[in-house]
Structure formats: structure tokens, C-alpha cells
Amino acid sequence: MEKQSNLLGLHQLLTLEVSNSNKLIDLLGFVSFTDNLLVENQLEKVGNTSFVFENGSFTIAYCLKESHICIHTWPEINTLTMDVYLCNYSQDNSNKVRSVAKDFIAYFEASIVKQIEVER
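Described below are features of the structure shown in this document. (Residues numbered from 1 in each chain as written. Predicted model: local features only at pLDDT ≥ 70, side-chain atom pairs only at ≥ 80, totals over all residues. Heavy atoms only, no water.)

What follows deals with the pairing of strand S5 (residues 79–86). In terms of residue burial, S5 counts as a mostly covered element, since seven of its eight residues are buried. Bridge count between strand S1 (residues 10–18) and S5: eight bridges; the pairing is antiparallel. Bridge pairing in S5 places His11 opposite Tyr85. Pairing of strand S4 (residues 67–74) with S5 involves eight bridges; the strand directions are antiparallel. (Buried < 20%, exposed > 50% of the residue type's maximum accessible area, 1.4 Å probe, protein only. Helix = DSSP H or I, 4+ residues; strand = E, 2+ residues; numbered from the N terminus. Pairing = 2+ DSSP bridges.)

Take a look at the structure:
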């Protein structure tokens, strides 16, 4: 096996703004979308946990065999924060990180306020 230069992977951190806050209070819709997205990208879910706040906003963390995805929503300011991190132990997942983040941006019909990529 050829040694990879970035074995620890890529971590993307995003702050997004949405024009319609309905998806920021739809935890079940988000879970359904994410579960399908994981299957499409051949990512293995170890588990997830979530919490819904009084105003309907939610926070959710997916623990993946490859690492994690976390989302925190603020419908009162039409904003969410997200991080997607996949390690590269068995293959280079950098493009997968970018693709998954792009799919979440499309799902939320969001624009990027801030985006940071960290090579671990």
C-alpha cells in the first residue's frame, strides 16, 4: 500500500445562512437526508445523537467509522454551523468531504458565510 501524505484526513468547518428556516427545525427530514447521503457515499454510521431545543432548533452529531458530522441550527437567525471530518486511513476521502458538505449546502438551500478546511 502506498503511503498517503495526509493520513489523518480533511476537516471542513462551515457557517451557512439560509433564506427559509423550515429545514433548520426539521430534525427528522435532516436525519432521513443524511442517512441516504451516508449510503450514497459509502460512509459507515456508528451512531448518532441529537437534541431539539424549545424553539425547534436542533443539534446532531453522527459518529462515523471514518470520523464524524455535526450540525447545529439557529432558525432565529437563519444560520447553521456544520463540520464534516473524514480520515484517510483506508483511502483519500478529501473529495468525499467536499462532496458531502456541498450536498448539505444544497439540502439547506444555503449560502456560505464562512468555510475553513483543515488538513489534519
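That shown, we press on.
Another aspect to go through is the packing of aromatic side chains. Inspection of the entire model under this criterion finds eight aromatic pairs. With centroids separated by 5.7 Å and ring planes inclined at 40 degrees, the aromatic side chains of Phe30 and Phe58 adopt a geometry described as tilted. Of this pair, Phe30 sits in helix H1 (residues 27–40) while Phe58 sits in strand S3 (residues 58–64), and the two are 28 residues apart along the sequence. Taking the relative accessible area as the measure of exposure, Phe30 reaches 0% and is therefore buried. Among the residues examined, Phe58 registers a relative accessible area of 1% and is labelled buried. Summarising the aromatic geometry, the rings of Phe30 and Phe104 are spaced 5.5 Å apart at their centres and angled 25 degrees between planes, so their arrangement reads as stacked. Here Phe104 lies in helix H2 (residues 94–107) and Phe30 lies in helix H1, a separation of 74 residues in the sequence. With respect to burial, Phe30 and Phe104 carry one shared label: buried. Through successive ring pairs, a cluster of aromatic residues spans Phe30, Phe33, Phe58, Phe104, Tyr107 and Phe108. (Phe/Tyr/Trp six-rings, centres within 6.5 Å; stacked < 30°, edge-to-face > 60°.)

A separate point is the environment of Glu76. Inspection of the secondary structure puts Glu76 in the loop between S4 and S5. As a C-alpha pair, Glu76 and Gly56 span 20 residues in sequence and 9.9 Å in three-dimensional space. At a separation of 2.8 Å, a polar atom in the side chain of Glu76 contacts the side chain of Asn55. (Polar contact = N/O pair within 3.5 Å; in protein donor to acceptor, adjacent residues only side chain to side chain.)

Before going further, it helps to spend a moment on the environment of Lys65. Tracing the backbone through its elements, the reader meets Lys65 in the loop between S3 and S4. By relative accessible area, which is 60% here, Lys65 ends up exposed. C-alpha separation for the pair Lys65 and Arg98, spaced 33 residues apart in sequence, amounts to 18 Å. When near neighbours in sequence (up to four residues on either side) are disregarded, Lys65 contacts Glu44 and Val46. (Contact = heavy atoms within 4.5 Å.)

Take the side chain of Ser67 next. Mapped onto the secondary structure, Ser67 falls in strand S4. Given the relative accessible area of 18%, Ser67 is considered buried. Side-chain polar atoms of Ser67 contact the side chain of His68, separated by 3.3 Å. Not counting residues within four places of it along the chain, the set of residues in contact with Ser67 comprises Tyr62, Tyr85, Leu86 and Cys87.

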